[in-house]
Protein chains: 2
Amino acid sequence: MKIFLAQQNYHIGNFAANTARIIEAIGNARKAEAELVVFTELCICGYPPRDFLEFEDFIKQCEASVAEICRHATDIAVIVGSPVRNPVPEGKDLFNGAWFLYDGKVQSVVHKTLLPNYDVFDEYRYFEPAWQWEVIKFKGKTIALTICEDIWNLGNNPLYRICPMDQLMPQHPDLMINISASPFDYDHDEDRKEIVRLNVLKYGLPMLYCNAVGSQTEIVFDGGSLIYDRHGNLVKEMKYFEEDEALVDTDDLDNIEGSSGENSDTELSVMSTGINTEVREDHVLDKEMRVSKIADPSKIISYLTAPNNIRQIHDALVMGIRDYFRKMGFTRAILGSSGGIDSAVTLALACTALGTDKVRAILMPSPYSTSHSVSDAELLSKNLNNPYDIIAIRNIYESFLDTLQPVFNDLPFSIAEENIQSRTRGNLLMAIANKFGYILLNTSNKSELATGYGTLYGDMAGGLSVLGDLYKMQVYALAEYINRNAEIIPFHIITKAPSAELRPNQKDSDSLPDYSIMDKVLYQYIERRQGPKEIIAMGIEPELVNRVLKLVNTNEYKRNQFCPIIRVSAKAFGVGRRMPIVGKYLS
Amino acid sequence: MKIFLAQQNYHIGNFAANTARIIEAIGNARKAEAELVVFTELCICGYPPRDFLEFEDFIKQCEASVAEICRHATDIAVIVGSPVRNPVPEGKDLFNGAWFLYDGKVQSVVHKTLLPNYDVFDEYRYFEPAWQWEVIKFKGKTIALTICEDIWNLGNNPLYRICPMDQLMPQHPDLMINISASPFDYDHDEDRKEIVRLNVLKYGLPMLYCNAVGSQTEIVFDGGSLIYDRHGNLVKEMKYFEEDEALVDTDDLDNIEGSSGENSDTELSVMSTGINTEVREDHVLDKEMRVSKIADPSKIISYLTAPNNIRQIHDALVMGIRDYFRKMGFTRAILGSSGGIDSAVTLALACTALGTDKVRAILMPSPYSTSHSVSDAELLSKNLNNPYDIIAIRNIYESFLDTLQPVFNDLPFSIAEENIQSRTRGNLLMAIANKFGYILLNTSNKSELATGYGTLYGDMAGGLSVLGDLYKMQVYALAEYINRNAEIIPFHIITKAPSAELRPNQKDSDSLPDYSIMDKVLYQYIERRQGPKEIIAMGIEPELVNRVLKLVNTNEYKRNQFCPIIRVSAKAFGVGRRMPIVGKYLS
């Protein structure tokens, strides 16, 4: 049977656009003489739809879209993901469903069994898990159809008690199809291929794995759909961070005998990822894969900045920026360009994502700015060839000080005056954004956000955070990657000591430990959920550890007002990390 | 048996303070000659601990606290709530547990069965549901101990398949004890009493219901712990919005025969709430009680502003402000006082919560402010006797315009200039807050937040939103309530037409429909999850409905950066309402 995989980029709740996109791919599949075309999890409404699922009207629109697609599923079968109503009163109102359409009708629906409810996932908030399992019979083939997380329990994942494929095997399927909306993070990028391969080896069936692509606010879906033959050979790996289509004849997946022929290199590369069942044992003990894999403290920084991770992060961030703008209906970005590394990297990424003419940099020196702040930022924009303006903030700053004089009297310079400068910049950026219709890109990094080293409504302003899931050491590595072919980010921006320049001769190192040490502490605490004892046992000064953890916990209130962060790690600030604000733990 | 109920206010993660508070109450119970003292759900760590539960170190601190309390549970038995480790590999790592301590030892633990995972609740993210049920035997009594949601399925709640009390009844308990952390909202305030009473009537057993009190960032726990005899008579209703303690002899709960004697009035008042099993039927069909109860559109505004609701909202907001400050370690508040109704009500509530001398009002007229803006705000602060300053923003505003002149050139006045004024105020307030150690209180209301009628980093700035869960019509009703004994809020503030005063002669009604109509639309959409068709069917202009719903959906990005909102309704913006930002539904 010829099956067509459609790896597409959907827009949450944009039924007209999603349906049109799906119908277009059905046309392509028909042209390619496919008999079945496979889409991704909840493709009808986009994933994750969140609390829109609580609206009856929203569910009706899902159903109307499925009905419309049905009219195109005449001579060709179609599998789409969309919510399914729970027909019995017990349990939640909906299932997360896969609809099998053919002959202009809904032939059957499959319900998702394993509902992720960790990190960014909330599926138990909306869906009832499947309690019955049935294969799909089509043109003489028996298909075991599952949804995303359903294949992530091979019987040894302690999080789950049911293994949906085990339920389906007695019905003798010929083929496995899984439709997914599986997000990217650099910590787990190889796991997906390995899980698919382990399913193939366990059940001895070929597998078609169709994953969503595209960014939905903070969550990046990276595509990379997979086709494996029944022997565990990777037959097709679809594009990452791009839409893609593929056609496969299932006969080809059955006929290959124990060797993948021309794909043997690919197979070896899969085997060499080192994630085999034995190694995985440890990993499975990390229920829900909530925790990052690297435990050896001496390897943390080299892991975080590994070339393969940085390359993928780069591509994820470019897609994240591009999709946010497109889906919000904007084309142009603005940002404050300080001459520092964070704004330089953000600017370079934005130019790649949106086009250099669409990104306006604003240089806003204060009385405490060094001369190289402006000259470095100017050189950067000249290298990138993007528009920029220089707007000195001295007059506004002094106007604030004059106006506040009756209140502040002669109190000494403090954080208040520092923040006035930062918020004046935020106000200027937002004013230009409001005047001309830009979205303000935020340039804060994860190390700053973790420790609260930023000004609310000042440098923490913006509609989207580009670097908020990258530790400072990763921002440096990303700068080097951006410069891989030419010096786009001026060398001096990369080498100078980081500074907020909000008081004379200020350096980050006045307030914070060295980033190379601090990032290790932060990674152990945030990604690996280690406590102070374990982190101190790595050989880091107890005082430093306690100080950093206290900073993380006392600055939850700031992060709570921060914009969405493009998520690239196993644990990003934002929807995937839910902390009390009035808490008093390690603080 | 003499049982002591301790209705206390905990601080999330503050193990030292929580443990000390618990030990103090054990002392009080001992003095009162109680044999058992009952605390509330997750009292050891505070509720909700959220992702702190993913930290091994956090769980160890819970265990250490339980061990310490054990040393005080010698001659007196103690029931406390704290996480319990799941001993088997299957399922989540933790249970939500009730610990029964006596004779210096842990005698037994009970696991929560029904895990709420809707609105503000995420218990399925952390906990495994109970799979076995056992009563507690103590001093000849058999106790059926359950945790919060466990009593909210009387067998007819379709959300759940298990009814924990049904599981315990074959073990012949004499008494039900439920430990809760059940939040307040004005939509469900009577349900809790009714559910406890229905449990008593169904099982024919007395019930001791011990609920937490105190505010945790946005979630308000209102206390109101309950003691019912076996006939459904309310024997004791503990204080609302305050800590409280009570002693009961269980013999008294058994002996009363079908009448509560001196409590008969109370019983009648319980009966007269009108929430009987028949009426409840409809309500139970609303799974999870996610949806507000009032369906009749003509009754919405009178329901929202009903005196009993407004009185409770008042008390909840006062406690919400007070607890936020205390738990964050602050004592003093600042806010912008505009002469409008929202800032007036916020200021009055803050003065009640923190003391008039602890709340500083800043009056910041712009060139577009009317003269009564300042005079009304001054009169308000004179009535309240709180400190205030007048700081004109004209110079700073003009300095922004001068600085931006080369960029704006001669483009006409627009939203950009309006927002500069609002953000200048935000910057001034934050500067004074940073200089002197205030927390900035936000004054936005729910109608504004819903429609995006506010300026990010301007009037949307602040550490805590006091009125963000009150529709504009409720703010007016609350102002009247505040003035119930004297004119605290000047009459003119209540009667004048609302205006942002950011351009000449601006009125809210230039941009928004009448609040009396708009609030109905918002309530139907937000609290009741109605779609455009249903709302239009109420008799409201389709154009108006579509415009309002579009405003709600396109302003998710603004609310995403907003501060925590003290939650008083069945559906507040914030953690209980999770919407995609890049979504394109009804927009």
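What counts, and where the lines are drawn
- Residues numbered from 1 in each chain as written.
- Chains lettered and ligands numbered in written order.
- Predicted model: local features only at pLDDT ≥ 70, side-chain atom pairs only at ≥ 80, totals over all residues.
- Helix = DSSP H or I, 4+ residues; strand = E, 2+ residues; numbered from the N terminus.
- Rg over C-alpha atoms; globule rule 2.2 N^0.38 Å.
- Buried ≥ 20, exposed ≤ 12 C-beta atoms within 10 Å, placed from the backbone.
- Contact = placed C-beta atoms within 7 Å.
- Pairing = 2+ DSSP bridges.
- Axes fitted to C-alpha atoms, helices over the stretch in contact; angles between N-to-C directions.
- Nonpolar A, V, L, I, M, F, W, Y, C, P; charged D, E, K, R; others polar.
- Least-squares fit on C-alpha atoms with pLDDT ≥ 70 in both.
- Expected span 1.5 Å × (residues − 1).
- Domains from an automatic or database assignment.
- Core = buried A, V, L, I, M, F, W, Y, C linked by C-beta atoms within 7 Å.

## Quick word on the overall build of chain A
Here is step 1 of the chain: Regarding its fold elements, chain A presents 21 helices and 19 strands.
Here is step 2 of the chain: Its C-alpha atoms give chain A a radius of gyration of 26 Å, near enough to 25 Å, the size a compact globule of 587 residues would have.
Here is step 3 of the chain: Seen through its C-alpha atoms, chain A measures out along the principal axes to roughly 85 × 55 × 50 Å.
Here is step 4 of the chain: For chain A, with 587 residues in total, the buried portion stands at 59%.
Here is step 5 of the chain: Look at the contacts in chain A between residues 6 or more apart in sequence, and 74% of them connect residues 24 or more apart.

## With respect to the sheet that holds strand 14 (residues 244-249) of chain B
Residue and element names in this part refer to chain B.
Here is step 1 of the chain: Spatial ordering of the open sheet is given by 5-4-3-2-1-14, a layout of six strands whose pairing is mixed. The open sheet has two edge strands, strand 5 (105-111) and strand 14, and neither has a second partner. Taken pair by pair, the neighbouring strands of this sheet meet at an average axis angle of 30°, ignoring direction.
Here is step 2 of the chain: With three bridges connecting them, strand 2 (residues 36-38) and strand 3 (residues 77-85) associate as parallel partners. Residue pairing across strands places Leu36 opposite Ala77, the latter belonging to strand 3.

## Description of the interface of chain A and chain B
Much of the literature gives interface size as the accessible area that the parts lose upon coming together.
Here is step 1 of the chain: Listed by partner, the interface residues are 80 residues for chain A and 80 residues for chain B.
Here is step 2 of the chain: Elements represented by at least two residues in the side of chain A that touches chain B include exactly helix 2 (56-70), helix 9 (307-328), helix 12 (394-408), helix 13 (415-436) and helix 19 (532-536) of chain A.
Here is step 3 of the chain: Partitioning the side of chain A that touches chain B into residue classes produces 38 nonpolar, 20 polar and 22 charged.

## So, the relation of the copies chain A and chain B
Here is step 1 of the chain: Note on the copies: chain A fits chain B at an RMSD of 0.0 Å, the axial shift is 0.0 Å, and the rotation between them is 180°. When the rotation and shift are considered jointly, the pair of chain copies conforms to a two-fold rotation axis. Within chain A, the C-alpha atom positioned nearest to the axis of rotation is that of Gln561 of chain A, 2.1 Å from it.
Here is step 2 of the chain: Of all interface residues in chain A, 100% are interface residues in chain B too; the two copies therefore contact each other through one and the same surface.

## Digging into helix 10 (residues 341-354) of chain B
Here is step 1 of the chain: The first and last C-alpha atoms of helix 10 of chain B sit 20 Å apart over 14 residues, in line with the 20 Å expected at 1.5 Å per residue.
Here is step 2 of the chain: Where helix 10 of chain B terminates, the next one or two residues include Gly355 of chain B, which has phi positive at roughly 100°.

## Focus: the domain arrangement of chain A
Residue and element names in this part refer to chain A.
Here is step 1 of the chain: Here the domain parsing of chain A yields domain 1 (2-252 + 259-288) and domain 2 (304-511).
Here is step 2 of the chain: Taken over C-alpha atoms, the centre of domain 1 sits 39 Å from the centre of domain 2.
Here is step 3 of the chain: The interface of domain 1 with domain 2 comprises eleven residues on the first partner and ten residues on the second.
Here is step 4 of the chain: The class makeup of the residues in the side of domain 1 that touches domain 2 is five nonpolar, four polar and two charged.

## Some thoughts on unusual backbone geometry
Here is step 1 of the chain: A cis amide bond links Tyr47 of chain A to the next residue, Pro48 of chain A, at an omega of -5°.
Here is step 2 of the chain: Mapped onto the secondary structure, Pro48 of chain A falls in the loop between strand 2 (36-38) and helix 2.
Here is step 3 of the chain: One non-glycine residue, Tyr457 of chain B, adopts positive backbone phi at about 70°.
Here is step 4 of the chain: Take Tyr457 of chain B: it is sitting in the loop between helix 14 (446-451) and strand 19 (464-465).

## Notes on helix 15 (residues 472-482) of chain B
Here is step 1 of the chain: Counting buried positions along helix 15 of chain B gives nine out of eleven residues, so the element sits mostly inside the fold.
Here is step 2 of the chain: Buried residues along helix 15 of chain B sit against helix 8 (300-304), helix 9 (307-328), helix 10, helix 14, helix 16 (491-495) and helix 18 (515-526) of chain B.

## A few points about the nonpolar core
As a rule of thumb, soluble globular proteins bury nonpolar side chains together.
Here is step 1 of the chain: Ranked by size, the top nonpolar core spans 365 residues in total, and within it Val38 of chain A together with Val38 of chain B carry the most contacts.
Here is step 2 of the chain: In contact with Val38 of chain B, other than residues within four places in its own chain, are Ile3, Phe4, Leu5, Ala6, Ile79, Ile177, Ile179, Leu208 and Cys210 of chain B.

## Observations regarding the pairing of strand 18 (residues 439-442) of chain B
Regular strands place their side chains on alternate faces of the sheet.
Residue and element names in this part refer to chain B.
Here is step 1 of the chain: Side-chain alternation along strand 18 places Ile439 and Leu441 on one buried face and Leu440 and Asn442 on a second face that is also buried.
Here is step 2 of the chain: As judged from the two bridges shared by strand 15 (residues 333-336) and strand 18, these two strands associate in the parallel manner. The partner of Ala333 across the bridge, within strand 18, is Ile439.
Here is step 3 of the chain: Bridge analysis of strand 18 against strand 19 gives two bridges, and the strand direction is parallel. In the sheet register, Asn442 faces strand 19, and the bridge partner there is Ser465.

## As for the sheet that holds strand 2 of chain A
Residue and element names in this part refer to chain A.
Here is step 1 of the chain: Read across the open sheet, the six strands follow the order 5-4-3-2-1-14; overall the sheet is mixed. Of all strands in the sheet, those bounded by a partner on one side alone are strand 5 (105-111) and strand 14 (244-249). Averaged over all pairs of adjacent strands, the angle between their axes in this sheet comes to 30°, without regard to strand direction.
Here is step 2 of the chain: Alignment of strand 3 (residues 77-85) against strand 4 (residues 94-102), held across eight bridges, turns out to be antiparallel. Residue pairing for strand 4: Ile79 is matched across the bridge by Phe100.
Here is step 3 of the chain: Helix 1 (residues 15-31) rests against strand 1 (2-7), strand 2, strand 3 and strand 14 of the sheet, and its axis sits at about 140° to strand 2.
Here is step 4 of the chain: Each of strand 3, strand 4 and strand 5 touches helix 2; the most contacted strand, strand 3, lies at about 165° to it.

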